[in-house]
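Below, each chain spelled out in residue letters.
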Amino acid sequence: MLDEGDAVQRFASALRTLFERAGSPTVTQLNLSPEARALVATFKDASVSDWKRGKSVPADARTLEALIRVLQAKAAQRQVGYRPEPIAAWERRRKDARQQKRKGRPAAPTTAGRLHDSPGRPIAELDDPFVYDVHEAIEADVSPTGGALPLLPYYIFRDHDQELGAVIDRAAAGHNSAVFMVADSSTGKTRACWEAIGRHVTLTETWRLWNPISSGPPQALLEGLPHVAPRTVMWLDGAQQYFLTPGSDLGERVAAALRELLRSPNRGPFLVLGTMWQSQWDTLTRTPHSGEMDLHPQARAFLSNKYISVPPSFAGEAWDNAVRAADLDARLALAVRHAEDARVTQFLAGAPQLIARYRTAPPHARAIIHAAVDARRYGHGPGLPEELLRAAAVGYLSDHDWDHLKADWFTAALDYCAAPCKGARGPLSASRPKPGSVAEARKVHRLADYLEQQIQHERKGTLAPTPLWEALAKYADDPQDLTRLSRFAFDAGLYKYAAKLGSRGALAGSAEAAYLLLRVVRRLGDDQFTDASEWVIDMVESENPRVVADLVYVMHNSAAPATLDQWTCRAAGTVRLDNYDDAADLIYALHRTGCLQAARILISRITALGSPKEPEHLAAMVRCLADNEAPQEALSVLSHGALFVSIEDLGEVASLVRHVRDLARYELREHRERVANAAIVLAYRAAFLGQTDDPGKLATLIHALSDCGLADAAVALARRAAQTVNLSGANYSADLAKALYDIEQSSTAADILNRLLTIHRENPDIPSIIWSSHVARAIDISTANDLLLFAAQYAADIDNPSWFFGDVIGALKRAGLQIESEKAAERAVTRVISTAAGDVGGLLRTLQESGPPEQLERLTDALPDICQRLDVGDAEHVAALIEHSPSNVESEVASILTMRAHSRTDLTKPLAARRLIRAVYDSPARSVAEQLANRTIGEVDLDSPAHVESLVKGLLKMGYERQAVTLLERAMDSGADHELFLYWIEVAAHAERRSAFDTFGREPNSVPGSPWRWERPS
């Protein structure tokens, strides 16, 4: 251990020595050197002097790295054979010196007694980026300076690094924060996170980093969260594994727990730092369509507005800096010279070599890669057992290839896949355990994630052969993996494998897998279903109320009533009550299936908890109690909750107010007075104490209070809001003005409209302006017209005005501003004729409905020329133009557009593809519609089963049955949704085969499943 000051002096001495070897350059000479310009570095005389004398130590690792690299480059020019010291050694010196400098300072505050036991490690001690999944970089033959290259290539800062730095600064300042870097694989997401925490002075001095993985990522996070100390970075690399847990509520529990943690005023600060692929982010944050089950409400709420996009390529200043820095790092030099489309990070991660290795793989190596990719597609975790790959690979080999394999074919294939690609991880390599994980006894292998992502895209819609399914049923053993695999098999109609995987999952403790098992076995007849139900009752316990409810529904007609009662009573006494909606669903299930004793147990437990803090939870609990013959308990919880429920989110309070009104009308109508008293308490708490800065939530609550007969509270809230509301959200501000007007606060409403007009002029957005004008028309016609006239003026100045102009023209005409509408139409047509850009079809439709005939005629005459120049990439725009072309040019427009669009238009969106095919089918160019249908079935995105089904139905209506069936098979083979399998049976299976499909499912080659029986696992 160094004595006081030793580390500082050692750092200073080493720096002086390096300066001497570099020729003792002045700071001015350093700043003017090509190396400093390449690294975008600027040094100050005073700082460098203090570092050399030991008076201070660099706080920023990047500044030191830049200085050392510049000095080493100069030393290498002066001395033949000079071997520079690794940057990592300099960084260790810097950290030791800063640690010595910090001695004697007041210690940063910690939570007494918790830091020693809290999960994670001090960030200052982290020295291996690869342990935390930073990609290893390709190798280069030589270093420009003649010595060893540092562990990682020199880091080039881009715009997203600045955004990330702002979030980290906020956390370091004491605010709970969360952010996720989102992009495709190997774009630099994890490296950006690693650099950001490693270079931040406050984080490196006083913060910890925790990567929860030990007992499976989501479970590890839930188990460790109560013990996390303040000033901890929660490192969620590959965050989808924490939130995407199909068939399980673990992901939703993780999201809910993190939401609760980050808004807890008495804990923290914490920073949740994660990465995710774009497709997985979209899955978690997409708002469900009408009628579609909402699988990720908690995850969507948590992830909202916590997104930083990482671009796939370098551009502008970042590219210029990479070119300059290439002189200092041979790996960067290779990337700059050879990376396709400036995709520097992908090249550094070995992406081109990975793809080349895969494309040229011998059959036995390619078979293992395909087996690994398919296993991952279907739900297996990243660690793939060796015996699974060996058994599955056989199904991917032709008879010819199998006959010519040598005895050591499997070992040779693994060696081929594991060999590094210019130093980066090979396509499939042995997996090493992370800190805190339990190393598996058997050998496991892991795919390079960039290659996995690429091949998954290529193989989507391709069903794996039987040997893979047999291997998965035999060798997969993780409960979550088994649940996901069983779910995929069930949705794809592979009932036999769904049952095998479900049975193993149930044995491993997964209640969700047990539920899937019962859904399959129910098709085999009452005897087998009864046996399976009783086996599940003996084997499975669950703390998840939603899963218990599903099991109760599926088993109540098959299991012995006494046995089911015992099981449900046990479950009612142990299920989690952290989600009141799920608990309510379970009580409903218990009541409907006659398990009344269990329902009473659960009601007693819920009542004993008292009133929840969150409005949505209070509403769910009260309705649950009121609906299930516990009115007094419901009233008690409601009365207490009205006094103590959180009023932080006025939107949630508004929902609760309406909920209470409905209770007084229906479930608790015999106790109207008590319910009304609770509503009054809640209303006035919100009116006098609630936050009034959000105009949208204010408007929602004012409307709710007014609608529910609480006008005085609404007025009190409005008067407070007029002084404090933030009007930056224009749409919501217009809604607030309307809400104020509706409760007779006309002057305040008019004042907000005037302020809103100024906001629109400073930050124009045409849809928002038109909405504000629509709302304002009931309050102040003059202001409404001013808004529309400004929208028309602004639309004339933007690049692609057709869609915007269409809205403006119609709005002006509806407002009675006929002359202004005609002028806007003239400007719109002139711009579209000039630019051939935007939604020309939408403008045509507007002119046909609202525009002056002479402008419609002008645009119609120009359509053939516009169609020759139009960007045909957008299927919706092409379809709209074909649909709305006037009859005198319809044939010419359809001919030009279909000739250009049939091979160029983006057909990945199912609904847009359906619209385009239908438009072409109904046009004079009908013959091209089938070509578009053929393209669509191979290119369309299969992520939305409802949209795929809509496209299939559209194809069938047009008579394209072959394409419809092929598309359904692709969707089934992607495990899209069980309903698509049932629809495929209806559409594609012959009548005599439908019964076999419906009972036994199908085989992986899509023939009807051979008869099979379920038997209890031994």
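Residues numbered from 1 in each chain as written. Predicted model: local features only at pLDDT ≥ 70, side-chain atom pairs only at ≥ 80, totals over all residues. Heavy atoms only, no water.

### Side note on the overall build of the chain
No. 1: Looking only at helices and strands, the chain has 54 helices and 9 strands in total.
No. 2: A compact globule built from 1018 residues should have a C-alpha radius of gyration of about 31 Å, and the chain, at 33 Å, falls within 12% of that.
No. 3: Taking the principal axes of its C-alpha atoms as reference, the chain extends roughly 90 × 80 × 70 Å.
No. 4: Taking all 1018 residues of the chain together, 55% fall into the buried category.
No. 5: Taking as baseline every contact in the chain between residues at least 6 positions apart, the subset at least 24 positions apart corresponds to 73%. (Helix = DSSP H or I, 4+ residues; strand = E, 2+ residues; numbered from the N terminus. Rg over C-alpha atoms; globule rule 2.2 N^0.38 Å. Buried < 20%, exposed > 50% of the residue type's maximum accessible area, 1.4 Å probe, protein only. Contact = heavy atoms within 4.5 Å.)

### Some points on the side chain of T898
No. 1: The residue T898 is located in helix α48 (residues 890-901) in this model.
No. 2: Only 3.3 Å separates the side chain of T898 from the backbone oxygen of S895, close enough to count as a polar contact.
No. 3: With sequence-adjacent residues up to four places away left out, T898 is seen in contact with I882, V920, A925 and V928. (Polar contact = N/O pair within 3.5 Å; in protein donor to acceptor, adjacent residues only side chain to side chain.)

### Overview of the environment of R720
No. 1: Within the secondary structure, R720 sits in helix α38 (residues 711-724).
No. 2: Accessibility expressed as a relative area gives 27% for R720, which makes it partly exposed.
No. 3: Linking R720 and Q691, residues 29 residues apart in sequence, is a C-alpha distance of 9.7 Å.
No. 4: Discounting chain neighbours no more than four positions away, the residues touching R720 are A686, A687, F688, L689, G690 and T692.

### Quick notes on the pairing of strand β4 (residues 232-236)
No. 1: Here β4 lies mainly inside the structure; 5 of its 5 residues are buried.
No. 2: Residues T232, M234 and L236 line one face of β4 and the alternating positions V233 and W235 line the opposite face, and both faces are buried.
No. 3: Strand direction decides the pairing type here: strand β3 (residues 208-210) and β4, joined by 3 bridges, are parallel. Across the sheet, the residue bridging to L209 is V233, located in β4.
No. 4: Relative to strand β5 (residues 270-276), β4 runs parallel, the two sharing 5 bridges. When the bridges of β5 are listed, V233 appears paired with L271. (Pairing = 2+ DSSP bridges.)

### As for the side chain of S773
No. 1: Here S773 lies in helix α41 (residues 766-776).
No. 2: Within polar-contact distance, the side chain of S773 engages the backbone oxygen of A784 at 3.0 Å.
No. 3: Apart from residues lying up to four places away in sequence, S773 is in contact with A784, L787 and L788.

### Quick word on the sheet that holds β4
No. 1: Spatially, β1-β3-β4-β5-β2-β6 is the arrangement adopted by the 6 strands of the open sheet, whose pairing is mixed. Bordering the open sheet on either side are β1 (121-122) and β6 (307-309), each of which pairs with just one other strand.

### Focus: a negative patch on the surface
No. 1: A cluster of acidic residues, E822, E826, E854, E857 and D861, forms a negative patch on the protein surface.
No. 2: Put simply, the parts of the chain that give the negative patch at least two residues each are α44 (818-835) and α46 (853-869).
No. 3: Here the negative patch takes 3 residues from α46, the largest share from any one element. (Patch = residues over 30% accessible without salt bridge, like charges linked within 9 Å, V, L, I, M, F, W, Y side chains within 5 Å. Areas by Shrake-Rupley, 256 points an atom, 1.4 Å probe, with all protein chains shown as cover. Salt bridge = Lys/Arg side-chain N within 4 Å of Asp/Glu carboxyl O. Lys, Arg positive; Asp, Glu negative; His and termini not counted. Charge placed at Lys NZ, Arg CZ, Asp CG, Glu CD.)

### Let's talk about the nonpolar core
A general feature of soluble globular proteins is that nonpolar side chains tend to end up buried together.
No. 1: W469 and L859 are the most contacted members of the largest nonpolar core, which totals 245 residues.
No. 2: With 9 residues, the top contributor of residues to this core is helix α19 (residues 363-378).
No. 3: Leaving out residues up to four positions away in the same chain, L859 has contacts with V829, V832, V840, L843, L844, L847 and I866.
No. 4: Counting residues in hydrophobic clusters, the runner-up holds 42 residues, among them V8, L64, L67 and A322. (Core = buried A, V, L, I, M, F, W, Y, C linked by side-chain atoms within 4.5 Å.)

### Describing the pattern of salt bridges
No. 1: Counted by the stated rule, this structure contains 35 salt bridges.
No. 2: A salt bridge links E65 to R69; its shortest N-O distance comes to 3.1 Å. With E65 and R69 both in helix α5 (residues 61-78) and 4 residues apart, this pair spans about one turn of that helix. As far as the burial class goes, E65 and R69 line up, both buried.

### A short note on the confidence of the model for the chain
No. 1: In this model, the chain carries a mean pLDDT of 87, and residues with pLDDT of at least 70 account for 93%.
No. 2: Below a pLDDT of 50 lies the segment residues 104-114, which in the model reaches 12 contacts outside its immediate sequence neighbourhood of four places, other chains included. (pLDDT = per-residue confidence, 0-100.)

### Focus: helix α27 (residues 511-521)
No. 1: Most of α27 is tucked away: 10 of the 11 residues are buried.
No. 2: Turning to α27, its buried residues number three or more, namely A511, E512, A513, A514, Y515, L516, L517, L518, V520 and V521.
No. 3: The secondary structure elements touched by the buried residues of α27 are α25 (479-491), α26 (495-507), α28 (526-539) and α29 (545-555).

### Some remarks on the sheet that holds strand β9 (residues 444-447)
No. 1: Spatial ordering of the open sheet is given by β7-β9-β8, a layout of 3 strands whose pairing is antiparallel. Bordering the open sheet on either side are β7 (384-385) and β8 (428-430), each of which pairs with just one other strand.
No. 2: Two elements, β7 and β9, share 2 bridges in a ladder whose sense is antiparallel. In the sheet register, P385 faces β9, and the bridge partner there is V444.

### Describing the environment of C595
No. 1: Assignment of secondary structure puts C595 in the loop between α31 (580-592) and α32 (596-608).
No. 2: By relative accessible area, C595 is classed as buried at 1%.
No. 3: Between the C-alpha atom of C595 and that of I766, which follows or precedes it by 171 residues, the distance is 57 Å.

### Points about the state of the cysteines
No. 1: Evaluation of the coordinates by the stated rule reveals 0 disulfides.
No. 2: Between C421, a cysteine without a disulfide, and C417, which holds the nearest cysteine sulfur, the sulfur-to-sulfur distance is 9.8 Å.
No. 3: Take C421: its relative accessible area is 2%, and that puts it in the buried class. (Disulfide = S-S within 2.5 Å.)

### Some details on the packing of aromatic side chains
No. 1: One pass over the full model with this rule turns up 23 aromatic pairs.
No. 2: Ring centres of Y155 and F157 lie 5.2 Å apart, and the angle between their planes is 85°; this geometry places the pair in the edge-to-face category.
No. 3: Note on W194 and W235: the rings are 6.4 Å apart at their centroids and 85° apart in plane angle, and the pair reads as edge-to-face. Taken as a pair, W194 in helix α8 (residues 189-198) and W235 in strand β4 lie far apart in primary sequence, 41 residues in all. Across the pair, W235 and W194 agree in class, each one buried.
No. 4: Ring-pair connections join several aromatic residues into one group, and the members of that group are F180, F243, W281, F302 and Y307. (Phe/Tyr/Trp six-rings, centres within 6.5 Å; stacked < 30°, edge-to-face > 60°.)

### Observations concerning α44
No. 1: Its 18 residues place the ends of α44 26 Å apart at the C-alpha level, agreeing with the 26 Å of an ideal helix rising 1.5 Å per residue.
No. 2: Just downstream of α44, A836 is the residue with a positive phi angle, here 50°. (Expected span 1.5 Å × (residues − 1).)

### Digging into the environment of A391
No. 1: Its location among the elements puts A391 in helix α20 (residues 386-393).
No. 2: According to the relative accessible area criterion, A391 is partly exposed, its value standing at 31%.
No. 3: Measuring from C-alpha to C-alpha, the distance between A391 and E470 comes to 8.3 Å, with 79 residues separating the pair along the chain.
No. 4: Contacts of A391, omitting those with residues within four sequence positions, involve P467, A471 and Y475.

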